[in-house]
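Working through the structure, step by step
The lines below spell out each chain.
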Amino acid sequence: MTVAQRSAGEITMGPRRERYLLDRERLLGPALMAPAVVYLILVVGYPLVLAFLYAFSDVTTGSQSLHFVGFQTFVAAVKDPVFLTTLRNTFVFTAISQALVVILSTVLAFVLTANFHGRWFVRFLVLLPWTTPVALSAVIWLWMLDSIFSPFDWFAQLLGIVPPGGHIVFLGQSDLAMGSVIALQTWRILPLATVILMAGLSAIPAEVSDAAEVDGAGFWRRLFGITLPLLSPVMTVALLFGIVFTFTDMAAVFVLTGGGPGNATQVLASWAFYKGISGGNLAVGAADALIMFPVLLGLAVILLRIASRAEVS
Amino acid sequence: MAVVETKSLRKEFGHTMAVDGIDLQTDEGEYLVLLGPSGCGKTTLLRLIAGLEHPSHGDVLIGGQVVTHLPPRARQIAMVFQSYALYPHKTVFANIAFPLAATGMPRDQRPEKVRWAASRLGIDGLLDRRPRQLSGGERQRVALARALVREPQVFLLDEPLSNLDAKLRSSARDELKEFQQRVGITTIYVTHDQVEAMGLGDRIAVLNEGKIQQIGTPDEIYHHPANTFVATFVGSPPMNMLTRDGKLLGFRPEQFLPASAVGERPGQMVFDFAVTRVENLGSDRYVYGHLPGVDPEAKVIAKLPSTVTTPVYVGDRVPFVVSGGDLRYFNQQTGTLTAAGEAEVKP
């Protein structure tokens, strides 16, 4: 049939338009975003707003009434004699554990991207801490650091560091307790950092390393002149993630020492918990927690900048 | 400048034989092209010469010395990679200076040398840029300058033109050839592009399945292919192949011309060409068909230059001729080139 022969009455309708509703980006986009947005509002946005409300009030677990008292709670929180110890501990805890994570994860990433027999098994072992439930790893670490049954004692006795039958009280001495908490945190963060760095390493084109080899560079020059500089953006991301996770984390402290001995291993996150939840002073607890906020905000800005720069290049 | 030699070089990856017993020797200052389809082992062979792979068997010699067990940096070679492999975090200057630093040249002597290499490739103005700010052609020159700066004994080039667009590629090919002639350094060049191979190479080594099929000048490779692989791999369209009296008979499409255009000459072989398709490409006409009287199975292509104006239409049967000197005979079992006389002998 030619166009001229077709009359107006013969025009047929296309398939029902509802079938193509999701082809419209203006509908599909919001529909796919909605679950994430709802989740964020409920578990991040709402508690954050609540924390700000509490921090400027005199609320306690005993009384639900809110009276706004301005910066009084912050003053009270900072004046607490334990606060400065807590602040210092938080920075020491974060700095040392993340420095260890950066060094160890880099070495591990190199080892795990190399070709050797049984590589998958070693990878599995390294990633294990990440997949182990916190409750299970807590039991393991408490046993390993036990004052009587610790396997480290056995090695220490063997090496003559302690006399035969002697023990190391890991969690009862300030420095050793801090060391233990840092070790646990390093062990927890290491797998994630390693995986991120492995991805970064495999993203470096093989031809670039080959070129460096042909250009006459030995191992160390290739490592420090080519590989590490190319890895550094990814390393920064891994480090920032680690800092965020560690700065705000209380699990290691809570599980191993409960902040003790005394308050020698107390960090801001655990202190806010003990003060606000265990101690019932919600307002001061919230204020303690919010003191971390500027630091985290700064880290978030840096992370987002790196992310947007990665998008452009 | 040095001679590169491989002696029964072999490389296995698991059960696959990537390079299968290759004996090769360059001349001093020669431009040798390794040509072959993808997966033929040409890049592996180049990486073996560079020292980036270790052979399963055999030896590599550079300048008469066995370097099989030396690392790449001890071989005095320079390599240009397909992706150019520039260091993205370094400026062009630092990229070119890297091999100098790696060989321990004092810091104050490097700038002069870098400028020398950069000026030979006309990239003096780009020294402060970073690789991502350069075009494909500029990156290629930086890679060449980085290779040149150390004044190596041997240049190894792995498909350095394949990332350039078609127009840039032909001018880069000119520059590359001119550059190599100027510096006169022995060069081994890997490509799958026969036009590059024919245009650049002093000699071409055609590889297939890890073995060298033929080494020769572009003229030898094209006009006297050692076997049916070389005959059909080199040339576009490839050499026509017919079965006749238990032999393979080959001739180039451009040597297959209408009888009326050539005229009668002694020693000519005349075929009755049944035309099935005609493509006019402007400079040439490709005429597709078969030869019912000789080998009706084989597809035959004639490439008529635009100067041949004989009308040819689909469905026609046209007498076409090949002059006797342009016919090549191959053994049907082994595919190797045989002399005309030998091929004439009936089994």
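Here the structure is a predicted model, which is why all the values come from computation and not from measurement. (Residues numbered from 1 in each chain as written. Chains lettered and ligands numbered in written order. Predicted model: local features only at pLDDT ≥ 70, side-chain atom pairs only at ≥ 80, totals over all residues.)

Here's the deal with the overall build of chain A
The helix and strand inventory of chain A stands at 13 helices and zero strands. Ordered by position in the sequence, the α and β elements of chain A form the string α-α-α-α-α-α-α-α-α-α-α-α-α. A compact globule built from 313 residues would reach a C-alpha radius of gyration of about 20 Å, whereas chain A, at 27 Å, exceeds it by more than 25%. For chain A, the C-alpha atoms occupy an extent of roughly 105 × 70 × 35 Å along the three principal directions. Classification of the 313 residues of chain A by burial places 29% in the buried group. Of the contacts made within chain A by residues no fewer than 6 positions apart, 66% connect residues no fewer than 24 positions apart. (Helix = DSSP H or I, 4+ residues; strand = E, 2+ residues; numbered from the N terminus. Rg over C-alpha atoms; globule rule 2.2 N^0.38 Å. Buried ≥ 20, exposed ≤ 12 C-beta atoms within 10 Å, placed from the backbone. Contact = placed C-beta atoms within 7 Å.)

Brief notes about the overall build of chain B
Along its length, chain B carries 10 helices and 19 strands. Its C-alpha atoms give chain B principal-axis dimensions of about 75 × 45 × 35 Å. Counting every position in chain B, which comprises 347 residues, the buried fraction comes to 39%. Put simply, of all contacts in chain B between residues at least 6 apart along the chain, 64% involve residues at least 24 apart.

So, the nonpolar core
With 138 residues, the main nonpolar core has L34(B), M79(B), A145(B) and L156(B) as its most contacted residues. No other element matches the 10 residues that helix α7 (residues 174-203) of chain A contributes to this core. Those residues in contact with M79(B), other than ones at most four positions away along the chain, are A211(A), V214(A), A50(B), A147(B), L156(B) and D158(B). (Core = buried A, V, L, I, M, F, W, Y, C linked by C-beta atoms within 7 Å.)

Observations regarding helix α12 (residues 282-290) of chain A
Of all nine residues in α12(A), nine are buried, a share of seventy percent or more. Of all the positions in α12(A), only L282(A), A283(A), V284(A), G285(A), A286(A), A287(A), D288(A), A289(A) and L290(A) are classed as buried.

Here we look at the interface of chain A and chain B
Taken together, the contacts link 16 residues of chain A with 18 residues of chain B. At the level of secondary structure, the elements contributing two or more residues to the side of chain A that touches chain B comprise α8 (206-214) and α9 (219-247) of chain A. With six residues, α8(A) is the single largest residue contributor to the side of chain A that touches chain B. Across the side of chain A that touches chain B, the residue classes tally to eight nonpolar, three polar and five charged. (Nonpolar A, V, L, I, M, F, W, Y, C, P; charged D, E, K, R; others polar.)

Here we look at the pairing of strand β1 (residues 4-13) of chain B
Residues and elements named next belong to chain B. Sheet topology note: the β1/strand β4 (residues 57-62) ladder contains five bridges and is antiparallel. Bridging from a neighbouring strand, R10 pairs with H57 of β4. Connecting β1 to the antiparallel partner strand β2 (residues 16-25) that follows it, the hairpin turn spans two residues, and G14 within it adopts a positive phi of roughly 65°. (Pairing = 2+ DSSP bridges.)

Observations concerning the sheet that holds strand β5 (residues 65-66) of chain B
The strands making up a sheet associate through backbone hydrogen bonding, with each pair oriented either parallel or antiparallel. Ordered in space as β2-β1-β4-β5 (chain B), the four strands form an open sheet in which the pairing is antiparallel. Each having just a single partner strand, β2 and β5 of chain B make up the two edges of the open sheet.

What about the environment of A34(A)?
All names here are of chain A. With respect to the helices, strands and loops of the structure, A34 is situated in helix α1 (residues 25-55). You can call A34 exposed: it has 10 C-beta atoms within 10 Å. In sequence terms A34 and I291 are 257 residues apart; their C-alpha atoms lie 31 Å from each other.

Describing the confidence of the model for chain B
On average, residues of chain B score 88 in pLDDT, and 97% of them reach the 70 mark or higher. Here residues 342-347 of chain B scores under 50 on pLDDT; set against residues more than four positions off or in separate chains, the count is five contacts. (pLDDT = per-residue confidence, 0-100.)

Some thoughts on unusual backbone geometry
Residues and elements named next belong to chain B. With an omega dihedral of -5°, the bond running from S236 to P237 counts as a cis peptide bond. Turning to its location among the elements, P237 is positioned in the loop between α8 (228-233) and β11 (240-244). For Q76, which is not glycine, the phi dihedral falls at a positive 55°. A count of 18 C-beta atoms within 10 Å places Q76 in the partly exposed class.

Thoughts on the sheet that holds strand β10 (residues 211-216) of chain B
All names here are of chain B. Read from one edge to the other, the open sheet built from six strands follows the order β6-β7-β8-β3-β9-β10, with strand pairing classed as mixed. Each edge of the open sheet is held by one strand with a lone partner, namely β6 (77-80) and β10. With direction set aside, neighbouring strand axes in the sheet form an average angle of 20°. Relative to β10, strand β9 (residues 203-208) is paired through five bridges, and the arrangement is antiparallel. By the bridge assignment, V206 is partnered in β10 with Q214. (Axes fitted to C-alpha atoms, helices over the stretch in contact; angles between N-to-C directions.)

Quick notes on the packing of α1(A) against α12(A)
Residues and elements named next belong to chain A. For the pair α1 and α12, the least separation of the axes is 7 Å and the interaxial angle reads 120°. At the point where α1 passes α12, the crossing takes the left-handed sense. Of α12, the residues touching α1 (which contributes A51, F52, Y54 and A55) are L282, A283, A286, A287, A289 and L290. Here the contact of α1 with α12 is built from residues that sort into 10 nonpolar, no polar and no charged. (Left-handed = near helix turned anticlockwise from the far one by under 90°.)

Some words on helix α2 (residues 92-102) of chain B
Among the 11 residues that make up α2(B), eight are buried, leaving the element largely enclosed by the rest of the structure. Elements that come into contact with the buried residues of α2(B) comprise α9 of chain A together with α3 (110-120) and α4 (136-148) of chain B. Just past α2(B), the residue G104(B) takes up positive phi, approximately 85°.

Here's the deal with the packing of helix α2 (residues 72-79) of chain A against α12(A)
All names here are of chain A. Packing of α2 against α12 brings their axes to within 9 Å, and their N-to-C directions diverge by 75°. Of the possible angle classes, the one that applies to α2 and α12 is roughly perpendicular. Contact residues: T73, F74, A76 and A77 in α2; A283, V284, A287 and D288 in α12. Here the contact of α2 with α12 is composed, by residue class, of six nonpolar, one polar and one charged. (Parallel < 35°, antiparallel > 145°, perpendicular 65-115°, else oblique.)

Re the pairing of strand β17 (residues 317-323) of chain B
All names here are of chain B. Where strand β13 (residues 257-258) meets β17, two bridges bridge the pair, whose relative direction is antiparallel. Within β17, the position partnered with L257 by the bridge is V321. With seven bridges connecting them, strand β14 (residues 268-280) and β17 associate as antiparallel partners. Looking across to β17, one finds that Q268 is bridged to S323.

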